[in-house]
Amino acid sequence: MDNPFTDQTTYVSHSGLDLTHASADRAAGRIEIADYHQQPYGVVHHGVYCMMVETLASTGAALWAMESGMAGAVGLSNKTDFIRATTSGVILGEATPIHRGRTQQLWQVDITRESDGKLVAQGQVRLQNVTEIDF
């Protein structure tokens, strides 16, 4: 699938996140870890996981909201737990809905290492469905 983040100069476009699946029921992506993803101790900076959680959950939630006749969805909270350190390789993220209601949604995102399938981070994003984008 075409990655919508690469043609823009946004935080996400600079992150290296490659969107591999996007639908109203699931969003997935991958990041190949580079030196700029690491903190001084050589492990992936936890902000990388938070960004991945936020982006994948927001993508799926916005698609569902638009399919439901709304303008989209915006994040209200992001709670990301860091489970184990990662230093290199590829991380994979998958977002799935927990709840989709009239005004809000809750999505869960699991991030695993491609090399061994182990969970490295897990997050939840609560989102507000919006009827118009007017910021």
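Right above here is the structure, for reference.
Heads up: these notes are all about the structure in this document. (Residues numbered from 1 in each chain as written. Predicted model: local features only at pLDDT ≥ 70, side-chain atom pairs only at ≥ 80, totals over all residues. Heavy atoms only, no water.)

Quick notes on the overall build of the chain
Then, number 1: Across its full length, the chain carries two helices and six strands.
Then, number 2: Secondary structure of the chain in N-to-C order comes out as α-β-β-α-β-β-β-β.
Then, number 3: For 135 residues, the compact-globule estimate of 2.2 N^0.38 gives 14 Å, and the C-alpha radius of gyration of the chain, at 15 Å, lies within 12% of that figure.
Then, number 4: Structurally, the chain occupies a C-alpha span of about 45 × 30 × 25 Å along its principal axes. (Helix = DSSP H or I, 4+ residues; strand = E, 2+ residues; numbered from the N terminus. Rg over C-alpha atoms; globule rule 2.2 N^0.38 Å.)

What about the nonpolar core?
For soluble globular proteins, the rule of thumb is that nonpolar side chains tend to be buried together.
Then, number 1: Ranked by size, the top nonpolar core spans 29 residues in total, and within it Ile31, Tyr49, Met52, Leu56, Ile91, Val109 and Ile111 carry the most contacts.
Then, number 2: Those elements that place two or more of their residues in this core are β2 (27-32), α2 (46-67), β4 (90-100), β5 (104-113) and β6 (119-130).
Then, number 3: Of all the elements, α2 adds the most residues to this core, at ten residues.
Then, number 4: Contacts of Leu56, omitting those with residues within four sequence positions, involve Leu19, Ala27, Ala28, Gly29, Gly93, Glu94, Ala95 and Val109. (Core = buried A, V, L, I, M, F, W, Y, C linked by side-chain atoms within 4.5 Å. Buried < 20%, exposed > 50% of the residue type's maximum accessible area, 1.4 Å probe, protein only. Contact = heavy atoms within 4.5 Å.)

Here's the deal with the side chain of Gln105
Then, number 1: Relative to the assigned elements, Gln105 resides in strand β5.
Then, number 2: Engagement of the side chain of Gln105 in a polar contact is seen with the backbone oxygen of Ala61, the distance being 3.1 Å.
Then, number 3: In this structure the side chain of Gln105 is engaged in a polar contact, spanning 2.7 Å, whose partner is the side chain of Asn129.
Then, number 4: Not counting residues up to four positions away in its chain, the partners in contact with Gln105 are Ala61, Trp64, Ala65, Ala73, His99, Arg100, Val125, Arg126, Leu127 and Asn129. (Polar contact = N/O pair within 3.5 Å; in protein donor to acceptor, adjacent residues only side chain to side chain.)

Points about the environment of Ser23
Then, number 1: Inspection of the secondary structure puts Ser23 in the loop between β1 (18-22) and β2.
Then, number 2: Along the backbone, Ser23 and Trp64 are 41 residues apart, and their C-alpha atoms lie at a distance of 7.6 Å.
Then, number 3: Ignoring anything within four residues of it in the chain, the contact list for Ser23 reads Gly60 and Leu63.
Then, number 4: Among the polar contacts listed, one links the side chain of Ser23 to the side chain of His21, at a separation of 3.3 Å.

Describing the environment of His46
Then, number 1: Of note, His46 is situated in helix α2.
Then, number 2: Considering only alpha carbons, one finds His46 and Gly93, 47 residues apart in sequence, at a separation of 14 Å.

Some details on the pattern of salt bridges
Then, number 1: Under the criterion given, the structure shown has five salt bridges.
Then, number 2: In this structure, Arg30 and Glu114 form a salt bridge, with 3.9 Å as the shortest nitrogen-oxygen distance. Here the residue Arg30 occupies a position in strand β2, and Glu114 occupies one in the loop between β5 and β6, the gap between them amounting to 84 residues.
Then, number 3: Taking the relative accessible area as the measure of exposure, Arg30 reaches 24% and is therefore partly exposed. (Salt bridge = Lys/Arg side-chain N within 4 Å of Asp/Glu carboxyl O.)

A look at the sheet that holds β6
Then, number 1: Read across the open sheet, the six strands follow the order β1-β2-β4-β5-β6-β3; overall the sheet is antiparallel. A single partner strand is all that each edge strand has here, and the edge strands are β1 and β3 (72-82). Averaged over all pairs of adjacent strands, the angle between their axes in this sheet comes to 20°, without regard to strand direction.
Then, number 2: With ten bridges joining them, β3 and β6 adopt antiparallel strand pairing. Among the inter-strand pairings, Phe82 is bridged to a residue of β6, identified as Ala121.
Then, number 3: Running over the sheet, α2 touches β1, β2, β3, β4, β5 and β6 and is turned about 145° from β3. (Pairing = 2+ DSSP bridges. Axes fitted to C-alpha atoms, helices over the stretch in contact; angles between N-to-C directions.)

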